[in-house]
2 protein chains.
Amino acid sequence: MLTEITGGVCAPQGFTANGVHCGIRKNRTKRDLSLIVSSVRCSAAAVYTQNLVKGAPLLVTREHLADGYARAIVCNSGNANTCNADGVEIARGMAQTVAEHTGIDASDVVVASTGVIGQPLSLDPIRSGMSDLVAGLGDHSDYAAEGIMTTDTAKKEIAFRFTVGGKECRIGGIAKGSGMIHPNMATMLVFLTTDAAISPAMLSQALREDVKTSFNMVSVDGDTSTNDMVTVLASGLAGNEEITGPGEAYDAFCRALSAVTVYLCRRIAADGEGATRLITCRLCGAADDITARVLAKSVICSSLVKAAMFGADANWGRVLCALGYSGVALDVTRIDVAFSSKEGRIEVCRDGAGIAFSEEDAKRILTPDEVVIEVDCKAGAGSAEAWGCDLTYEYVKINGDYRT
Amino acid sequence: MLTEITGGVCAPQGFTANGVHCGIRKNRTKRDLSLIVSSVRCSAAAVYTQNLVKGAPLLVTREHLADGYARAIVCNSGNANTCNADGVEIARGMAQTVAEHTGIDASDVVVASTGVIGQPLSLDPIRSGMSDLVAGLGDHSDYAAEGIMTTDTAKKEIAFRFTVGGKECRIGGIAKGSGMIHPNMATMLVFLTTDAAISPAMLSQALREDVKTSFNMVSVDGDTSTNDMVTVLASGLAGNEEITGPGEAYDAFCRALSAVTVYLCRRIAADGEGATRLITCRLCGAADDITARVLAKSVICSSLVKAAMFGADANWGRVLCALGYSGVALDVTRIDVAFSSKEGRIEVCRDGAGIAFSEEDAKRILTPDEVVIEVDCKAGAGSAEAWGCDLTYEYVKINGDYRT
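1. Focus: the sheet that holds strand β12 (residues 344–350) of chain A
Strands in a sheet are paired, the pairing made by backbone hydrogen bonds, and the direction either parallel or antiparallel.
Residue and element names in this part refer to chain A.
At step 1: The strand order across the open sheet built from six strands is β13-β12-β11-β14-β10-β15, with neighbouring strands paired in mixed fashion. One side of each edge strand has no neighbouring strand; the edge strands of this open sheet are β13 (353–354) and β15 (382–389).
At step 2: As judged from the two bridges shared by β12 and β13, these two strands associate in the antiparallel manner. By the bridge assignment, cysteine 349 is partnered in β13 with glycine 354.
At step 3: Sheet strands in contact with helix α9 (residues 316–324) are β10 (278–286), β11 (336–341), β12, β13 and β14 (370–376), and its direction is about 125 degrees off that of β11.

2. A word on the pattern of salt bridges
Residues and elements named next belong to chain A.
At step 1: Following the criterion strictly, the structure yields 39 salt bridges over all chains and no others.
At step 2: Close ionic contact of arginine 31 with glutamate 146 constitutes a salt bridge, the shortest N to O distance being 3.5 Å. Residue arginine 31 is found in the loop between β2 (15–20) and β3 (33–48), and its partner glutamate 146 is found in helix α4 (residues 141–147); the two are separated by 115 residues along the sequence.
At step 3: Taking relative accessible area as the criterion, arginine 31 reaches 22% and is therefore assigned partly exposed.

3. Brief notes about unusual backbone geometry
At step 1: Phi angles above zero are rare outside glycine, and lysine 378 of chain A is one such case at about 50 degrees.
At step 2: Its location among the elements puts lysine 378 of chain A in the loop between β14 and β15.
At step 3: Positive phi, normally seen in glycine, also occurs at cysteine 83 of chain B, with a value near 60 degrees.
At step 4: Its location among the elements puts cysteine 83 of chain B in the loop between β4 (69–79) and α2 (87–102).
At step 5: For cysteine 83 of chain B, a relative accessible area of 13% translates into the label buried.

4. Digging into the nonpolar core
At step 1: Counting 47 residues, the largest nonpolar core has Leu283, Phe339 and Ile373 of chain A as its most contacted members.
At step 2: Setting aside chain neighbours within four positions, we find phenylalanine 339 of chain A in contact with Met309, Ala314, Trp316, Val319, Gly344, Arg345, Ile346, Val348, Ile365, Leu366, Val372 and Ile373 of chain A.
At step 3: Within the second largest apolar cluster, 46 residues are counted, among which are Met309, Val319, Leu323 and Ala362 of chain B.

5. Section: the environment of glycine 14 of chain B
Residue and element names in this part refer to chain B.
At step 1: Among the structural elements, glycine 14 can be located in the loop between β1 (3–4) and β2 (15–20).
At step 2: Considering only alpha carbons, one finds glycine 14 and valine 230, 216 residues apart in sequence, at a separation of 20 Å.
At step 3: Residues within four places of glycine 14 in sequence aside, it is in contact with Val37, Ser38, Ser39 and Leu237.

6. Re the pairing of strand β14 (residues 370–376) of chain B
Residues and elements named next belong to chain B.
At step 1: In terms of burial, β14 is largely enclosed, as five of its seven residues are buried.
At step 2: Where strand β10 (residues 278–286) meets β14, seven bridges bridge the pair, whose relative direction is parallel. In the sheet register, threonine 280 faces β14, and the bridge partner there is valine 372.
At step 3: Pairing of strand β11 (residues 336–341) with β14 involves five bridges; the strand directions are antiparallel. Paired with serine 340 across the strands is valine 372, a residue of β14.

7. Some remarks on helix α7 (residues 289–301) of chain B
All names here are of chain B.
At step 1: Taking 1.5 Å per residue, 13 residues should reach 18 Å; α7 reaches 18 Å between its end C-alpha atoms and fits that length.
At step 2: Elements that come into contact with the buried residues of α7 comprise β10, α8 (303–310), α9 (316–324), β14 and β15 (382–389).
At step 3: Backbone nitrogen of isoleucine 290 and a side-chain oxygen of the N-cap are separated by 3.1 Å at the start of α7; the cap is aspartate 288.

Cut-offs used in this document
Residues numbered from 1 in each chain as written. Chains lettered and ligands numbered in written order. Predicted model: local features only at pLDDT ≥ 70, side-chain atom pairs only at ≥ 80, totals over all residues. Heavy atoms only, no water. Pairing = 2+ DSSP bridges. Helix = DSSP H or I, 4+ residues; strand = E, 2+ residues; numbered from the N terminus. Contact = heavy atoms within 4.5 Å. Axes fitted to C-alpha atoms, helices over the stretch in contact; angles between N-to-C directions. Salt bridge = Lys/Arg side-chain N within 4 Å of Asp/Glu carboxyl O. Buried < 20%, exposed > 50% of the residue type's maximum accessible area, 1.4 Å probe, protein only. Core = buried A, V, L, I, M, F, W, Y, C linked by side-chain atoms within 4.5 Å. Expected span 1.5 Å × (residues − 1). Polar contact = N/O pair within 3.5 Å; in protein donor to acceptor, adjacent residues only side chain to side chain.

So this is what it looks like as structure tokens:
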């Protein structure tokens with residue numbers, strides 16, 4: 001039983017947060033430094049980008065989470081601290097600065113940065129802004145969410161209440177970015193908190209399993225960032241019996257985790273750079289779930305499908321094309337395709353061939369800001385959902401001169 | 001010794017061509033049906049899209065080339081004849097219509113179609129236009145090149161003279177499309193002719209080897225078409241001793257073939273939908289050539305690199321990012337990156353980290369309509385070139401409503 005609640009990352013017991021403008025960004029009205037702190041040491045887990053080029057903060061965070069525990073997350077926007085000769089040193093400096101102002105061990109601080117790649121990051125604004133940042137810690141998940149935004153146009157924040165072993169628990173999260181796929185504004189970052197008691201090992205397993213069907217199923221432009229990271233801290237203050245293995249309690253936690261991550265995935269895709277529409281590909285009938293994920297993701301990654309969605313054009317041939325080159329085995333003569341939204345549903349392709357349909361109705365169905373591409377491979381029980389967005393003039397504009 | 005000559009696919013001895021408007025397209029000024037005919041039976045070879053969704057003409061062409069010989073190529077634009085229930089029947093009908101008007105065996109006719117996927121193609125306009133098409137056969141490579149164009153803005157045609165075993169030979173080609181990657185205007189199509197005498201087996205081997213470093217290294221939008229096809233016909237009328245195995249003569253032929261295909265690749269990428277720039281990634285120092293191809297292609301396929309090139313923005317971090325997620329092993333701390341063009345050359349990244357450079361000079365160097373991204377992995381002797389184009393507003397516009 002899940003109930004949405006307010007408070008974001010501060011909803012779970014033990015967590016406070018804040019975000020300030022420290023001067024990394026020229027725009028003085030934009031918060032560019034965020035901090036999330038727990039009153040107790042937390043089980044902690046994280047997943048990182050698969051890109052061989054990794055932001056320095058990720059390397060430091062991986063060291064700090066090696067023991068499975070952490071107490072704070074610090075993150076700046078405006079600079080990715082990636083491909084800088086002194087990157088690791090700077091990232092360590094960020095953790096040290098937090099330690100000096102909070103008394104938290106530097107090795108219990110998760111460090112993240114997001115912004116342009118390859119531009120030196122100075123510690124000065126971070127050092128000068130840290131006092132205010134720490135002094136202002138409180139029920140300010142929204143400030144923290146704002147402090148990590150780059151080209152985001154909307155804050156991404158959510159929290160749920162759920163029950164584990166009779167105890168009421170909470171889980172919350174904030175995110176920035178438009179997918180796993182934003183090299184230069186580097187990155188999707190997601191910070192999750194919960195007061196459920198769960199061992200580091202099970203927390204890590206839960207997160208690793210979850211991303212396969214959540215963040216790994218989001219795409220905006222196919223470019224896997226160098227700084228992607230999803231981190232979760234579990235304070236255990238809900239008082240449930242610690243989850244140390246599989247079972248009912250673990251499953252309840254995973255369901256709550258999934259509710260948060262899927263919500264954030266949809267918000268990230270909907271806020272993809274320049275996007276006017278959230279595109280969901282709901283695929284069923286694949287040989288298995290893994291095959292279904294490859295196929296669904298191939299559809300929402302296709303530049304031509306994305307451009308067609310921008311034009312509200314029921315160009316189902318591009319959907320078949322994207323399924324055809326996805327790399328997995330597929331009987332294309334059995335594929336059915338339909339488009340749906342709050343405006344209705346329309347079938348456009350049956351058994352791999354076009355069927356007569358009203359272009360007018362299709363246009364109407366594809367016009368809302370959330371549309372679904374439904375694919376049935378009629379080959380098995382595998383299913384998946386992938387989330388993307390349309391490809392627009394604005395995307396080109398944003399990325400034609402991101403640095404200038 | 002290669003010399004560029006005029007005549008396109010009609011430059012080699014034995015070949016005539018033509019293109020007419022038969023009515024598949026509404027625009028009466030646009031030729032939409034092309035024919036290339038040889039006076040003798042030719043050794044013939046083709047390579048086809050890897051997409052599991054394949055255009056019906058490809059299936060028929062594969063049947064017709066099973067014996068390694070052909071005499072004619074017929075191609076319409078405006079309709080891909082793909083994902084149509086009666087597609088194969090229609091494609092056979094096109095070959096039959098050519099046979100009736102030329103006396104050529106239908107099984108010696110290569111059939112191709114390009115245009116929208118999933119819209120029924122009628123034989124009527126093709127039947128009615130065939131008399132004029134055949135009657136007008138002559139030194140009209142340019143008409144044939146025009147007849148296969150879709151969103152192309154420029155004709156793509158080239159021919160060279162070369163020598164095999166003391167005999168003067170010729171090879172020519174025409175192409176349409178903007179890469180292997182155009183689902184809905186389905187396709188890149190390339191038709192090559194030569195009067196060199198070469199066995200079907202060696203011709204096929206030469207083509208299969210060539211595409212690895214030519215057409216397979218072009219990308220416009222990452223979408224692999226359902227109708228891509230490269231076909232070559234060799235009349236043998238040059239009178240050289242037939243090439244039936246490896247050796248000097250075979251190598252001379254491969255060099256001439258490569259000169260034609262690489263020229264067409266560059267023209268196709270430069271004419272990518274909405275493109276304002278030809279982007280070449282010249283990569284060296286990779287472990288081997290295959291690794292180099294994967295890396296170079298990953299760079300020119302990156303939406304963010306392409307958008308940066310549109311903005312003439314020296315955003316080298318996106319180049320490193322694309323190398324990092326390409327999937328091949330790589331020591332990112334050794335990578336050097338430079339940009340070059342007729343305006344000069346500028347180094348922007350050394351050993352995986354940024355170096356100081358003049359943004360002004362970089363902007364000037366990235367502004368011409370042909371720019372090169374130079375990457376040195378400093379790890380081995382592998383090298384490759386890949387060709388792409390920038391991502392522009394116009395690309396989004398063209399593909400936002402291709403069908404309407």
